[in-house]
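Summary of structural features
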Amino acid sequence: MGKDYYKILGIQKGTAEDEIKKAYRKLALKYHPDKNKSPDAEERFKEIAEAYDVLSDPKKREIYDQFGEEGLKGGGGGGGPNGTNFQYTFHGDPHAVFAEFFGGRNPFDIFFGQRNGDEEMEIDEDPLSSFSGFGMHGMPGMPGMGGMPGFQRARTAAKKQDPPVTHELKVSLEEIFTGCTKKMKIRRKRLNPDRQTMRQEDTILTIDIKKGWKEGTKITFPKQGDETANNIPADIIFVLKDKPHPVFKRSGSDIIYVAKITLREALCGCTLAIPTLDKKTHTMVLKDVIQPGSQRRISGGGMPLPKQPDHRGDLVIEFQVHFPESLSNATREKMKELLPL
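These numbers come from a predicted model, not from an experiment.

1. A short note on the packing of aromatic side chains
For the structure on display, the rule yields 8 aromatic pairs. A centroid spacing of 5.5 Å and a plane angle of 85° characterise the contact between Tyr-52 and Phe-101, whose relative ring orientation is edge-to-face. Of the two residues, Tyr-52 is situated in helix H3 (residues 41-55) and Phe-101 in helix H5 (residues 94-101); the sequence distance between them amounts to 49 residues. Residue classification places Tyr-52 among the buried residues on the basis of a relative accessible area of 11%. One Lys or Arg, Arg-44, reaches over the ring of Tyr-31 and ends 4.5 Å from the middle of that ring.

Below is the structure:
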């Protein structure tokens, strides 16, 4: 003998849809294993969920009414309506049915208040009967729940969100200087309309990079990660990372350029052509003695400021003095005469 789904829910064959919902609501609250500590509560909770899963679906119910559990699950030799083949398998997660029915919210908090996990609870009557004064079906848009605002929330409300998925987004200093748009292709899992099977889906995420954005800036795309029946998709986060540059590096909104000069130029002065990030050249005349590692600044020659893109940081020239590897005796003696102690 197959399972009698009507008997499990305590209803008669031909019972209206609203009564099926009411029966499931009452029994699911009574046998939920978080509240009912009896040894058979988990199994009863699962049976109740399977019975509701079948009887609340018109197609499944019609096949079950004609062919019973064996026919529904493909074991009784009977096909579905009009001779079509149909095979049903319960997905095995009564908590998913429970969460979907109650809109992802915890009904125990609504009807019984906050309770300690060890407190026993008995439900002999429909816990919604106290709301009968409102009319269980009397408020439009909220069948079976008396029109309680906010009760029919998305099932994801009770789920936990997956941890963020972080990717580096490498950009050149020129792209940061002018601003740019990046298009990132990601592949993710998405639920099919049946809310059980999944598919692969390619998505293009567009990132508008603003002028002067600093390294480490995060761009977040909420809930663009993989989707399953039991999770809230993770946020996808891109973290800005500077690509190595052959000429410049940056520090905040300043651009650093290393100028390599000889010892003679450092001591006697010289004229340098300093490149800039916007493809211009700045002429710098050096007359003073330049110490190794010393710096000069060109105001406004750096990156646009993120919050004030019309203003710019500085171009910092850092001097690297090249010393000769060796000196002849004559040169050494001459330098002794010329250089102060």
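Back to the write-up after that little detour.
2. Regarding H3
With 15 residues, H3 should cover 21 Å at 1.5 Å per step; its first-to-last C-alpha distance of 21 Å lies within 8% of that length. Buried residues dominate H3, accounting for 11 of its 15 residues. Here the buried face of H3 lies against helix H1 (5-9), helix H2 (17-31), helix H4 (58-72) and H5.

3. Let's talk about the sheet that holds strand S7 (residues 254-262)
Across the sheet, 4 strands lie side by side as S6-S7-S13-S10; this open sheet has mixed pairing. Among the strands making up the open sheet, the edge pair consists of strand S6 (248-251) and strand S10 (295-298). Ignoring which end each strand starts from, the neighbouring axes of this sheet average 35° apart. Two strands pair when backbone bridges link them, and S6 and S7 are joined in this way by 4 bridges, in the antiparallel orientation. Its bridge partner lying in S7, Phe-248 is registered against Tyr-257.

4. So, unusual backbone geometry
Residue Lys-223 is not a glycine yet carries a positive backbone phi of 55°. Judged by its relative accessible area of 46%, Lys-223 is partly exposed. Backbone geometry places Lys-279, a non-glycine residue, at a positive phi of 70°. Looking at where Lys-279 falls in the secondary structure, it is placed in the loop between strand S8 (270-275) and strand S9 (281-286).

5. Topic: the sheet that holds strand S5 (residues 236-242)
Taken in spatial order, the 3 strands make up an open sheet running S1-S5-S4, and their pairing is mixed. The open sheet terminates on both sides in strands that have one partner only, identified here as strand S1 (165-171) and strand S4 (218-221). If you compare each strand with its neighbour and ignore which way they point, the axes differ by 25° on average. Sheet topology note: the S1/S5 ladder contains 7 bridges and is parallel.

6. A closer look at the confidence of the model for the protein
With 79% of its residues at a pLDDT of 70 or more, the protein shows a mean pLDDT of 81. Segment residues 76-82 is flagged for pLDDT under 50; beyond a separation of four residues in sequence, or across chains, it makes 11 contacts in the model. Contacts for the low-pLDDT stretch residues 109-157, under 50 throughout, to residues beyond four places or in other chains number 72 contacts.

About the thresholds
- Residues numbered from 1 in each chain as written.
- Predicted model: local features only at pLDDT ≥ 70, side-chain atom pairs only at ≥ 80, totals over all residues.
- Heavy atoms only, no water.
- Phe/Tyr/Trp six-rings, centres within 6.5 Å; stacked < 30°, edge-to-face > 60°.
- Helix = DSSP H or I, 4+ residues; strand = E, 2+ residues; numbered from the N terminus.
- Buried < 20%, exposed > 50% of the residue type's maximum accessible area, 1.4 Å probe, protein only.
- Lys NZ or Arg CZ within 6 Å of the ring centre and 35° of its normal.
- Expected span 1.5 Å × (residues − 1).
- Contact = heavy atoms within 4.5 Å.
- Pairing = 2+ DSSP bridges.
- Axes fitted to C-alpha atoms, helices over the stretch in contact; angles between N-to-C directions.
- pLDDT = per-residue confidence, 0-100.

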